[in-house]
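# Per-entry structural report
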Amino acid sequence: MCRWTPAVLVPSVRCSSTSTPGGSDSGLYEPEGIKEPWIPEYQPRTDEHTETKRSRLLYQSRKRGMLENGLVLSTFASRYLAGMTETQLDAYDKLINQPSNDWDIYYWATGVRETPAEFDGEIMTLLKEFIKNKDRESRIAQPDLYEKFEDKA
């Protein structure tokens, strides 16, 4: 059973459709008067040097706002960013910066939700395989930020 709690910082509470006021079938209850914060529209950076882009994406992979994605994306970036082509870097940039909700990225990558076509490409496939962690690596901490890309290539 869902218990509604006034939320100032959390804009939605997961509930069953029978417990939400109005019987919405989305499973989310949006309290009245609370609006999502405005997030600037994603703007690809077209004049960025490749190594600058790699550094920015490494940093952005670590600073996600939720621990789960910070761990997943920082370890993924540490392993794969150095070997990515410009096209792959652009796809990764779009993946981690265009969706406004980190939970979407997490649910797509873990297979909880279907990945939208615009993000379901080579990088998402690589991320989904990485998340399966077939070698059972310990990924409980973010990799060293100052690790050189050249060591990974």
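Described in the following lines is the structure provided in the data block. Throughout this document, residue positions are counted from 1 along each chain, in the order its sequence is written. Owing to the predicted nature of the model, reporting of local features is limited to residues with pLDDT of at least 70; listing and counting of side-chain atom pairs is limited to 80 or more, with chain, interface and lining totals taken over all residues. Calculation of side-chain values draws on the structure's entire complement of heavy atoms; hydrogens and water are dropped beforehand.

## Digging into the environment of Tyr-42
Convention followed: Under the scheme used here, helices are H or I runs from DSSP no shorter than 4 residues and strands are E runs no shorter than 2 residues, and both carry numbers assigned from the N terminus. We call two residues in contact when some of their heavy atoms are within 4.5 Å.
Residue placement: Tyr-42 occurs in the loop between strand 2 (28–29) and helix 1 (50–62). Once the C-alpha coordinates of Tyr-42 and Asn-97 are considered, the two residues, 55 residues apart in sequence, prove to be 6.6 Å apart. Here Tyr-42 is in contact with Asp-90, Asp-93, Lys-94, Asn-97 and Gln-98, once residues within four sequence places are set aside.

## Quick look at the pattern of salt bridges
It is possible for side chains of opposite charge to pair when their charged atoms get near one another. Definition in use: Any Lys or Arg side-chain nitrogen located within 4 Å of an Asp or Glu carboxyl oxygen qualifies as a salt bridge. Exposed residues in this analysis have more than 50% of their type's maximum accessible area, buried residues have under 20%, and partly exposed residues fall in between, with area computed by a 1.4 Å probe over protein chains only.
Applying the stated rule across the entire model yields 14 salt bridges. Across the salt bridge formed by Arg-56 and Asp-93, the nearest N and O atoms sit 2.8 Å from each other. Taken together, the residues span a long stretch of sequence, with Arg-56 in helix 1 and Asp-93 in helix 3 (residues 86–97) at a distance of 37 residues. Each member of the pair, Arg-56 as well as Asp-93, is classed as buried. Here Glu-129 and Lys-134 are joined by a salt bridge, their closest N and O atoms 3.2 Å apart. According to the relative accessible area criterion, Glu-129 is partly exposed, its value standing at 36%. For Lys-134, a relative accessible area of 61% puts it in the exposed group.

## A closer look at helix 5 (residues 122–132)
We count it as follows: The arc in question is traced by the directions running from the helix axis to the C-beta atoms.
Among all positions in helix 5, only Ile-123, Met-124, Leu-127 and Phe-130 are buried. The arc enclosing the buried residues of helix 5, seen along the axis, measures out at 120°, which places them on a common side. Residues of helix 5 that are buried sit in contact with helix 2 (67–80), helix 3 and helix 4 (102–110). The first or second residue beyond helix 5 is Asn-133, which carries a positive phi of 50°.

## A short note on the packing of aromatic side chains
The condition is simple: Pairing of aromatic rings covers Phe, Tyr and the six-membered ring of Trp, with a centre-to-centre limit of 6.5 Å; geometry is then stacked below 30 degrees between planes, edge-to-face above 60, and tilted otherwise. In this analysis the charged atom, NZ for Lys or CZ for Arg, is taken to sit over a ring once it is within 6 Å of the ring centre and within 35 degrees of the ring normal.
Applying the stated criterion across every chain yields a total of eight aromatic pairs. Here Phe-76 and Tyr-80 contribute two aromatic rings whose centre-to-centre distance is 5.0 Å and whose plane-to-plane angle is 45°, an arrangement assigned as tilted. Of this pair, Phe-76 and Tyr-80 both sit in helix 2, four residues apart, roughly one helical turn. With a relative accessible area of 25%, Tyr-80 lands in the partly exposed category. Among the aromatic residues, ring-to-ring pairing joins Phe-76, Tyr-80, Tyr-92 and Phe-130 into one connected group. The ring of Phe-119 carries Lys-94 above its face, with NZ or CZ at 5.7 Å from the centroid. Positioned above the aromatic ring of Phe-130 is the side chain of Arg-139, whose terminal nitrogen or guanidinium carbon lies 3.7 Å from the ring centre.

## Observations concerning unusual backbone geometry
Unusually for a residue other than glycine, Asn-133 sits at a positive phi of about 50°. As for its placement among the helices and strands, Asn-133 is situated in the loop between helix 5 and helix 6 (149–152). Positive phi values are uncommon outside glycine, yet Arg-136 reaches one of about 55°. Within the element layout of this structure, Arg-136 appears in the loop between helix 5 and helix 6. Taking relative accessible area as the criterion, Arg-136 reaches 68% and is therefore assigned exposed.

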